[in-house]
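Below, each chain spelled out in residue letters.
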Amino acid sequence: MAEKKRIELMVCTGTGCYAGGAYQIIDGLNKELESFGLRDEVTVVATGCNGFCGQGPLMVVIPDNIFYGWIEIKDIHHLVEEHFLKGRPVKRLMFKPPEEKEPLPLLSDIPFFKKQLLVVLRNKGIIDPEKITDYIARDGYLAIERVLSSLSPKDVTDEILKSGLRGRGGAGFLTGKKWEVASQQVKTPKYLIANCDEGDPGAYMDRSVLESDPHSVIEGMCIAGYAIGSTNGFIYVRTEYPLAIKRMRIAIEQAEEYGLLGKNILGTGFDFEIEIREGSGAFVCGEETSLIHSIEGNIPKPRQRPPFPAQEGLWCCPTVINNVETLANVPVIITRGAEWFSSIGTETSKGTKIFSLVGKINNTGLIEVPMGLTLKEVVYEIGGGIPKGKKLKAVQTGGPSGGCIPASMLDSPIDYESLQKAGSMMGSGGMIVMDEDTCVVDVSKFFIQFTNDESCGKCVSCRDGSEAVLEVLTRISDGQGREGDIEFLTELGESIKDASMCGLGQTLPNPVLSTLRYFKEEYDAHIKEKRCPALVCRNLIQYYIDPNKCVGCLLCIKSCPTEAIKGESKYIHIIEQEKCHKCGQCLEVCPPKISAIIKITGNELNNLVQLTEIISCKEWKKDHEYS
Amino acid sequence: MPKLTIDELKKMRENSRKEIYLREGNFRGKVTVHMGTCGIAAGAREIMNSFLDEIERRKLTDIMFTTTGCAGLCSEEPMITVEMEGSAPVKYCKLTNEKVKKIFNEHIIEGNVVKEFALGIGSERVG
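Just so it is clear, the model here is predicted, and its values are computed rather than measured. (Residues numbered from 1 in each chain as written. Chains lettered and ligands numbered in written order. Predicted model: local features only at pLDDT ≥ 70, side-chain atom pairs only at ≥ 80, totals over all residues.)

Attention now goes to the overall build of chain A. Looking only at helices and strands, chain A features 25 helices and 18 strands. Here chain A has a C-alpha radius of gyration of 28 Å; the compact-globule value for 627 residues is 25 Å, and the two agree. When the backbone C-alpha atoms are referred to their principal axes, chain A occupies close to 95 × 70 × 40 Å. The 627 residues of chain A split such that 53% are buried. Taking all contacts inside chain A whose residues are at least 6 apart in sequence as the whole, residues at least 24 apart take part in 72%. (Helix = DSSP H or I, 4+ residues; strand = E, 2+ residues; numbered from the N terminus. Rg over C-alpha atoms; globule rule 2.2 N^0.38 Å. Buried ≥ 20, exposed ≤ 12 C-beta atoms within 10 Å, placed from the backbone. Contact = placed C-beta atoms within 7 Å.)

Have a look at this one:
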């Protein structure tokens, strides 16, 4: 019988869905399809990250384009029978926006996907990343074919320069310019490095590119190698990305087998080899010169620039370091032209950018949007707004090197310059959404703790400066803030920026400086009134049981690990503040319809009734009924 | 696997495209088989198979094939809806393998509605 494939099930196997059991889902699907005799008609394809990570494990049914999320093993039998045998899509597994009654069956109708523009992630969810022919079918290796058969290295560099492509890893340097500098160097050999040392908390753009479309990075690297005159490429990736490394290895092997990597590529005489180098996940290795030291086998510490790596880099040879996302843009620019690419985006920021949209947001996931889209569109249209009807407070971009952009600036477009003007930066594309329950002092403390841990220790300003900033922030959040702390933080932050040698130190004060700029009153509340308005900083909050609401159910008493709550059944419970460790367990267990426990801050306790003796609920009610 | 030359890569791209055409979504027309309980009982699966055979035999990559539930006219099953780009959807009813062949030749390939098997042209309105 002839093959009659009519349906393909594109099951996401990015790291998120993988962890959520995607491969068990695939096994289950294959088993059920087998038992219904549908294996010839329905094929299961393991794809890279689909992007809508919050809905994983998930799949898209082709050709209908029906999206199923949160799939569980127990759903599979029903799903296969109903949809793939009988042809009736299963509503229950479709995506339903939180406020809507009816689900949205089609992927193309889901707002999360609607506003996106896929350039780098053009193959996500469509190809099997472990199959080179899938990539080739989607115009893969078409760019290298053109480059090697009809373009000179200079033509390639000029095309990239004309496209306006800027580095996607942080500072946003013009990619073509970097290539140009390297290609002009006389010294050989020259090296090319793909930087996949992605360290920002909550960011996973580069990992997803490697996982879902590794060949696009290989092709981009080949083209870059050709343009700068290099025959050796390295992919620097952290060991903690095992799936990305595995898929990259498979892709390299396949490309070598097909003659798309190695000696005499496509019979044109051009040689290019790629090696994977695994880093052990030091944040500072994202910095070019540290990364070079790490590949050389030395301690990853940055060095003074100039000379820039493009002049003198790996083993003192000219070296171009491009971010993974930057390189994945290259093949598309060659096949579709610089003009097309530069028609996307804004005046100075061309093309698209991938962001990992995380934090207090309804639709968590990986998105690719044209430059110039506003933060509002990203948060409310793609992200679906803030959960539980909370208010948006700020959006943090650029990871520990970036800053917080307040809700009032939500209309500002996302491009390199606007973000910088707002006191943040593009960075590699982490986007953390914060709601009103987020304390800016606490957030700053988190980021400074991170950079303090990750500082390599070479510059005093960064090593000791971050320590000092952390100390002051800890003091403020502990309720020990002093007059002059804000001025001190500002001055110290500026000095760290000026005195540090590499990007890590130069940007580490950003989270503090940007929050001081937009949320100064919140710092003031901590310092002057010993109040944490977002009710986060432990030493500044108290838990309190409202006697008018408590029914004496004992739940909080039983849950309290420090036995700080006294009371008896049907007697109003009382928290003894001096024993309370503020773990919040009591608030968790108090039934929502009672909601007797609240968090308070500052001197609010003084304005509330403070019981000293336990009293029965009945008696309390009687006494207070008419008052 | 011998190393590819530029021409061989081109050929491989053409062949690989056929493998994944379903995912590209560049369809000129769409055939929907109605597979409610009534449709299945009346032999919708066989109709579906003969459609797939036709698509396979002709190596078509621009016809989307899909299934859906009951169309509401259970006595007329098995039924399909053929929707070619730019024209109204046509419902065909009481199908047999021979009818499928004719519909395929005349409607899907040549673009002429096979009036004698057609139940109606157009679709219900969704209110």
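Our focus in this paragraph is the overall build of chain B. Scanning chain B for helices and strands turns up 5 helices and 5 strands. Put simply, chain B runs from its N terminus to its C terminus through helices and strands in the order α-α-β-α-α-β-β-β-α-β. Seen along its three principal axes, the alpha-carbon backbone of chain B occupies a region of about 60 × 30 × 30 Å. If you take every contact in chain B between residues at least 6 apart in sequence, the share linking residues at least 24 apart comes to 66%.

Attention now goes to the domain arrangement of chain A. All names here are of chain A. For chain A, the assigned domains are domain 1 (7-112), domain 2 (132-342), domain 3 (352-435), domain 4 (440-528) and domain 5 (538-624). The straight-line distance from the C-alpha centre of domain 2 to that of domain 4 is 35 Å. On the domain 4 side, the residues contacting the 11 residues of domain 2 number 8 residues. Looking at the side of domain 2 that touches domain 4 residue by residue, the class counts come to 6 nonpolar, 3 polar and 2 charged. (Domains from an automatic or database assignment. Nonpolar A, V, L, I, M, F, W, Y, C, P; charged D, E, K, R; others polar.)

Residue and element names in this part refer to chain A. Here helix H13 (residues 324-336) spans 19 Å end to end across 13 residues, near enough to the 18 Å set by a 1.5 Å rise per residue. With 11 of 13 residues buried, H13 is to be regarded as a mostly interior element. Among the residues of H13, Val324, Glu325, Thr326, Leu327, Ala328, Asn329, Val330, Pro331, Val332, Ile333 and Ile334 are the ones counted as buried. Of the residues flanking the end of H13, it is Gly337, one or two places downstream, whose phi is positive at about 95°. (Expected span 1.5 Å × (residues − 1).)

Let us look at helix H18 (residues 460-477) of chain A. Helix length check: H18(A), at 18 residues, gives a terminal C-alpha distance of 25 Å against a target of 26 Å (1.5 Å per residue), a fit within 8%. In this fold, the buried residues of H18(A) make contact with helix H17 (440-454), helix H19 (485-499), helix H20 (503-507), helix H21 (510-518) and helix H22 (520-528) of chain A.

Residues and elements named next belong to chain A. Pairing in this open sheet of 5 strands is mixed, and the strands run S11-S10-S14-S12-S13 from one edge to the other. The sheet is open, and its two borders are formed by strand S11 (365-370) and strand S13 (403-406), each paired with just one other strand. Strand-to-strand twist of the sheet, defined as the mean angle between neighbouring strand axes without regard to direction, takes the value 30°. With 4 bridges joining them, strand S10 (residues 352-359) and strand S14 (residues 430-435) adopt parallel strand pairing. What sits directly across from Ser356, in S14, is Gly430. (Pairing = 2+ DSSP bridges. Axes fitted to C-alpha atoms, helices over the stretch in contact; angles between N-to-C directions.)

Moving on to the nonpolar core. Note that soluble globular proteins tend to have their nonpolar side chains buried in a common cluster. Of all hydrophobic cores here, the largest spans 172 residues; its most connected members are Met59(A), Ile223(A) and Ala224(A). Take this core: its biggest share by element is 9 residues, from helix H10 (residues 214-228) of chain A. If we ignore the near neighbours within four places in the chain, the residues touching Ala224(A) are Trp179(A), Leu192(A), Val320(A), Asn322(A), Leu327(A) and Val330(A). One finds Met48(B), Phe65(B), Ile80(B) and Ile108(B) within the second-largest nonpolar core, a separate group that totals 27 residues. (Core = buried A, V, L, I, M, F, W, Y, C linked by C-beta atoms within 7 Å.)

The next thing to look at is the packing of H17(A) against H18(A). Residues and elements named next belong to chain A. Two elements in contact, H17 and H18, have axes separated by 9 Å at closest approach and are oriented at 150°. In terms of axis orientation, H17 runs roughly antiparallel to H18. Helix-helix and strand crossings are classified by hand; for H17 and H18 the assignment is left-handed. Between H17 and H18, the residues in contact are Val441, Asp442, Ser444, Lys445, Ile448, Gln449, Thr451 and Asn452 and Ser466, Glu467, Val469, Leu470, Leu473, Thr474, Ile476 and Ser477, respectively. Of the residues contributing to the contact of H17 with H18, the split by class is 6 nonpolar, 7 polar and 3 charged. (Parallel < 35°, antiparallel > 145°, perpendicular 65-115°, else oblique. Left-handed = near helix turned anticlockwise from the far one by under 90°.)

The subject of this paragraph is the packing of helix H9 (residues 205-212) of chain A against helix H11 (residues 242-257) of chain A. All names here are of chain A. The interhelical angle for the contact between H9 and H11, taken along N-to-C directions, is 35°, at an axis separation of 8 Å. Where H9 crosses over H11, the two elements pack in a sense that is left-handed. Counted together, Arg207, Leu210 and Glu211 of H9 and Leu243, Ala244, Arg247 and Met248 of H11 form the full contact between these two elements. Grouping the constituent residues of the contact of H9 with H11 by class yields 4 nonpolar, no polar and 3 charged.

What follows is about the environment of Tyr518(A). Residues and elements named next belong to chain A. Counting through the fold element by element, Tyr518 comes out in helix H21. Residue Tyr518 is classed as buried on the basis of its 21 C-beta neighbours within 10 Å. Remark: the alpha-carbon pair of Tyr518 and Gly56, spanning 462 residues in sequence, is separated by 35 Å. Not counting the four nearest positions on each side in its chain, Tyr518 is found in contact with Cys404 and Pro406.

What follows deals with the interface of chain A and chain B. How big an interface is tends to be expressed through the accessible area that disappears when the partners come together. The interface of chain A with chain B comprises 25 residues on the first partner and 27 residues on the second. Secondary structure elements with two or more residues in the side of chain A that touches chain B: helix H5 (132-137) and helix H6 (142-150) of chain A. Per element, the largest residue contribution to the side of chain A that touches chain B is 4 residues, and it comes from H5(A). Its residues assigned to classes, the side of chain A that touches chain B comprises 10 nonpolar, 5 polar and 10 charged.

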